[in-house]
Amino acid sequence: MNGNKKIAKKIVAGSMAVMMAAGLAGTYEYHSNAMQVQAAEQKDKDTQELKETAENVLADHATDSEDTGFSKEESVYVKADASGNVKKTTVSEWLKNPEKGTISDTSELKDIKNVKGDETFETGSNNNVSWKSEGNDIYYQGTIDKELPVDVKVSYKLDGKSISPKDLKGKSGKVEIQFSYDNKSKQTVNVNGEDVEMYTPFTMVSAMMLSSDEYSNVSVENGKLISDGDKNIVVGVAFPGLANDLNLKDLDMDIDIPETVTITADVKDATVGTSITMASAELMNEFGLDDIDSFDDLQDSIDDLEDATNQLVDGSKEAADGSKELADGAGTLNDGAGTLASGAGTLADGVNTLNEKSGTLVSGVNTLASGVQAYTGGVEEIYAGSNDLVSGAQALASGAAALNEGIKTAKTSADTLTSTAAQVQGGIGTVASSLGTAASTLTSILGENGANLTAGVDVTVTGGQATLSDEKIAEIIEEKMADADSTTKEEVKAVVKEALEDSEVSGYTSQKSLNETGKTIVETINTVSGGLNNAQAKLTDKEHSVLAQGISGVTDGTGALATMLGTEGEKTIGRGAAGVVAGSASLQKGTETLHAGAKKLHDNSSTLNAGLTTLKDGGSQLASGVSQLASGANQVADGAGTLSNGTQTLLDGANTLADGNQTLADGMQEYKEEAIDKLTDLFNGDISGVTDRIDAMTNLAKEYKSFAGISDGVSGTTKFIIETEGIDD
């Protein structure tokens, strides 16, 4: 009997060692990955980290089924208050490898909904659920109001006295937090011909996070503490009902199989955080103890257990080495993150400067736009002016050609003018002579008849003896200026008439009769005679005669013009006129070229204006883009700073993890030496009763396939995730 006690004790101790070591290895694996998630909200992150930590303790050892047939995997999510009282239960079901067509399932869930696919379902009697399958896995979810097969309760003490989670908040002192478990899944089974009550062998894994700012000197009974810089993660393992299943009490074995997890610590200004508890009956199947049919089989299982333990020892050593490399790499990453943060800061400063100057750029673009608009307006004026310039150049060319032709006839006209002026001058001499003759005639008439006239004799003087009529003047001029043209003759007549009028011959008429008294006649004849003499003097006095001076000027001018238009002069003026013609032609060609250039400027002004609009829009877009770039650069700088802080935390955690893994490796070596090695050395007694109970316990674990229901003949697994809420800050 004493040998059996030792064997049973070592079996339980060995099992505990394997599960604890495996659980902590899983916790390490998750923790390494979780350290990389720095940007999540802290509360949600902590809850998720606890959840996955506890889950990995179980999931890393779940049997990988090679069965490709239809099966069901179930996850039961329980929301509880801070003390563990259930508030809501939600179940997620995963139907694996269904065939195409109608799939029959069993479920007690309410409010069922398909959470991933489009498959539909119908509910029937006896909790039957029929799914219309397309051959793909089906994921559905629902709620259930059913007692859990195993409960978890969380109790608190402060300085040795019980306290509610709500009252604990903000307190300081010595705190004790205990997770206790109540296994309600009990069945009557036959063990070696005897009916006994046994519990489904649930493995309970609880995890809780304690801030290192509040909790210090943390210790855990039936668990492990992992320090992570600013927080402590506590993981505990318990096996409610296992001591009863192994009948350790009746065997009088002094073995403590943990059914609770207890945490103690010094706390200052306490907060109560979330806890996660995972429950599963699958872990017991990992030991392969259901294959024990004889002592030889048990020996083989113990040998397998020893081999597995050796692998765990080797693996823990490798984990310690790997965590050391991780710590070294984290140091390098931390250095690089610091450099990145510095460079990101420099980048942000440069982009901010660019952003500040973008306004000046936009202002310059707008100024340029105004200048281009003024330029295009000037181009329009140049284009319009060039049209006028071309028209003027064409008119100038035509005038130059006409000038050139007129110069050719100027010499002939000047000669003719000189000849005519000489004829006029001769006619003036003839008129002057006629005036003298007329004056002499009047004087003779007066001498012959003066006495009678003076005496009052009525005498009528008619004809040419006493009259100088217009016809007489015209006759004299026609006779003396027979060779002059009619225009010149008329001009001479006008001059003679003016001279007579200037001589104050007021009594002169074309056919005027002298019927006045003799005295008056005499006086008049004397006056006329004097006037004729005066007119003759004016026509012959070249120095005082305006007509004589004018005719002389005309003669001199026409002579000079004729001389200038002589052979050499004509050539000089001709060359000048030819130069004017040639210059006007060149001017016309140049203005046409200018007009063509102005037209190109005019035609391209619209393109320039369109480009200017694009430039202005681009300038505004550039300013907006630079502003966005500055915002992004500042975010990068902030993120780089956060990353630098995070890598420092990662470095601290990696160093802590390396220390913890070294401790784990040392502990695994101790477990091997103190438990497994001694177990294999001492395994030589009668343990048939223990093996029968192990067989029954293993069968109970296999039979617990679902909480919410499963159809007969369908394989399945289930696990429970119980989350207790924290007390908000």
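Please refer to the structure placed before this passage.
Description of the structure in this document. Each chain carries its own residue numbering, running from 1 in the written order of its sequence. At least 70 in pLDDT is required for a residue's local features to be given in this predicted model, at least 80 for side-chain atom pairs to be given and counted, and no such filter applies to totals for whole chains, interfaces and linings, which use all residues. Here the side-chain values reflect all heavy atoms present in the structure, with hydrogen atoms and water set aside.

## Some remarks on the overall build of the protein
We count a stretch as a helix when DSSP gives it H or I for four or more residues in a row; a strand needs E for two or more, and each element gets its number in order from the N terminus. When helices and strands are counted, the protein shows eleven helices and 19 strands. Counting the 729 residues in the protein, one finds 41% classified as buried. Put simply, of all contacts in the protein between residues at least 6 apart along the chain, 78% involve residues at least 24 apart. Per-residue accessibility takes into account occlusion by the displayed protein chains alone, with areas from the Shrake-Rupley method and a 1.4 Å probe. Accessible surface computed for the protein: about 37,500 Å², of which carbon and sulfur atoms make up 49%. Buried residues are those whose accessible area, probed at 1.4 Å on protein chains only, stays under 20% of the maximum for their type, while exposed residues exceed 50% and partly exposed ones sit between those limits. Note on contacts: a residue pair is in contact if any heavy atoms of the two residues lie within 4.5 Å.

## Remarks on the pattern of salt bridges
Salt bridge, as applied in this entry: a Lys or Arg side-chain nitrogen positioned within 4 Å of an Asp or Glu carboxyl oxygen. Inspection of the entire model under this criterion finds eleven salt bridges. Measuring nitrogen to oxygen at the nearest pair gives 3.0 Å for the salt bridge that ties E147 to K184. Taken together, the positions of E147 in the loop between β7 (138-143) and β8 (150-158) and K184 in the loop between β10 (173-183) and β11 (186-191) put the pair 37 residues apart, joining distant regions of the chain. The exposure class of K184 is partly exposed, given its relative accessible area of 34%.

## Some thoughts on the packing of aromatic side chains
Aromatic rings from Phe, Tyr and Trp, taking only the six-membered ring of Trp, are treated as a pair when their centres fall within 6.5 Å; an angle between ring planes under 30 degrees marks them as stacked, one over 60 as edge-to-face, and anything in between as tilted. Going through the model one piece at a time under the given rule, you end up with seven aromatic pairs. Judged by centre distance (5.4 Å) and plane angle (20 degrees), the rings of W94 and Y139 are stacked. Taken together, the residues W94 in strand β2 (residues 86-96) and Y139 in strand β7 connect sequence positions 45 residues apart. Residue class for Y139 comes out partly exposed when judged on its relative accessible area of 23%. Members of the aromatic cluster, connected to one another through ring pairs, are F202, Y704, F707 and F720.

## Regarding the sheet that holds strand β6 (residues 128-133)
Strands were regarded as paired on the criterion that DSSP finds at least two bridges between them. The three strands are arranged β3-β6-β5 in an open sheet whose pairing can be described as antiparallel. Each end of this open sheet is capped by a strand with a single partner; those strands are β3 (101-106) and β5 (121-123). Adjacent strand axes in the sheet meet at a mean angle of 20 degrees, parallel and antiparallel pairs treated alike. Here β3 runs beside β6; their pairing, made up of six bridges, is antiparallel. Within the sheet, the bridge partner assigned to I103 lies in β6 and is W131. Every axis in this analysis is a line fitted to C-alpha atoms, fitted for helices over the stretch in contact. Angles between the N-to-C directions lie between 0 and 180 degrees.

## Here's the deal with the nonpolar core
Residues enter a nonpolar core if they are buried and are Ala, Val, Leu, Ile, Met, Phe, Trp, Tyr or Cys, with the set joined through side-chain atoms within 4.5 Å. Ranked by size, the top nonpolar core spans 46 residues in total, and within it I177 and F179 carry the most contacts. At five residues, β8 tops the list of elements feeding residues into this core. The next biggest cluster of nonpolar side chains, apart from the first, holds 25 residues, and it includes V189, M278, V690 and I721.

## Observations regarding the environment of N136
With respect to the helices, strands and loops of the structure, N136 is situated in the loop between β6 and β7. The sequence separation of N136 and E99 amounts to 37 residues, and the corresponding C-alpha distance is 7.8 Å. Those residues in contact with N136 that sit more than four places away from it in its chain are P98 and E119.

## Looking at unusual backbone geometry
At N97, a residue that is not glycine, the phi angle is positive and equals roughly 55 degrees. By secondary structure assignment, the location of N97 is in the loop between β2 and β3. Judged by relative accessible area, N97 falls into the partly exposed class, the value being 36%. For N192, which is not glycine, the phi torsion reads 55 degrees and is therefore positive. With respect to the helices and strands, N192 occurs in the loop between β11 and β12 (194-199).

## Section: a negative patch on the surface
A patch consists of residues whose relative accessible area exceeds 30% and which take part in no salt bridge; residues with like charges are grouped when within 9 Å of each other, and nonpolar side chains (Val, Leu, Ile, Met, Phe, Trp, Tyr) when within 5 Å. His residues and chain termini do not enter the charge count, which takes Lys and Arg as positive and Asp and Glu as negative. Taken as the charge location is NZ of Lys, CZ of Arg, CG of Asp or CD of Glu. A cluster of acidic side chains, namely D314, E318, D321 and E325, defines a negative patch on the protein surface. The residue D314 is located in helix α5 (residues 295-454) in this model. For D314, a relative accessible area of 44% corresponds to the partly exposed category.

## A closer look at the sheet that holds strand β4 (residues 110-114)
Two modes of strand pairing occur in sheets, parallel and antiparallel, and in both the strands are linked by backbone hydrogen bonds. Ordered in space as β4-β7-β2-β1-β19-β18-β13-β16-β15, the nine strands form an open sheet in which the pairing is mixed. Strands at the two margins of the open sheet, each flanked by one partner only, are β4 and β15 (223-228). Going across the sheet, the axis of each strand differs from the next one's by a mean of 15 degrees, ignoring polarity. Where strand β13 (residues 203-211) lies against strand β18 (residues 275-280), six bridges are found, and the strand directions are antiparallel. Looking at β18, one finds that S206 is bridged to T277.

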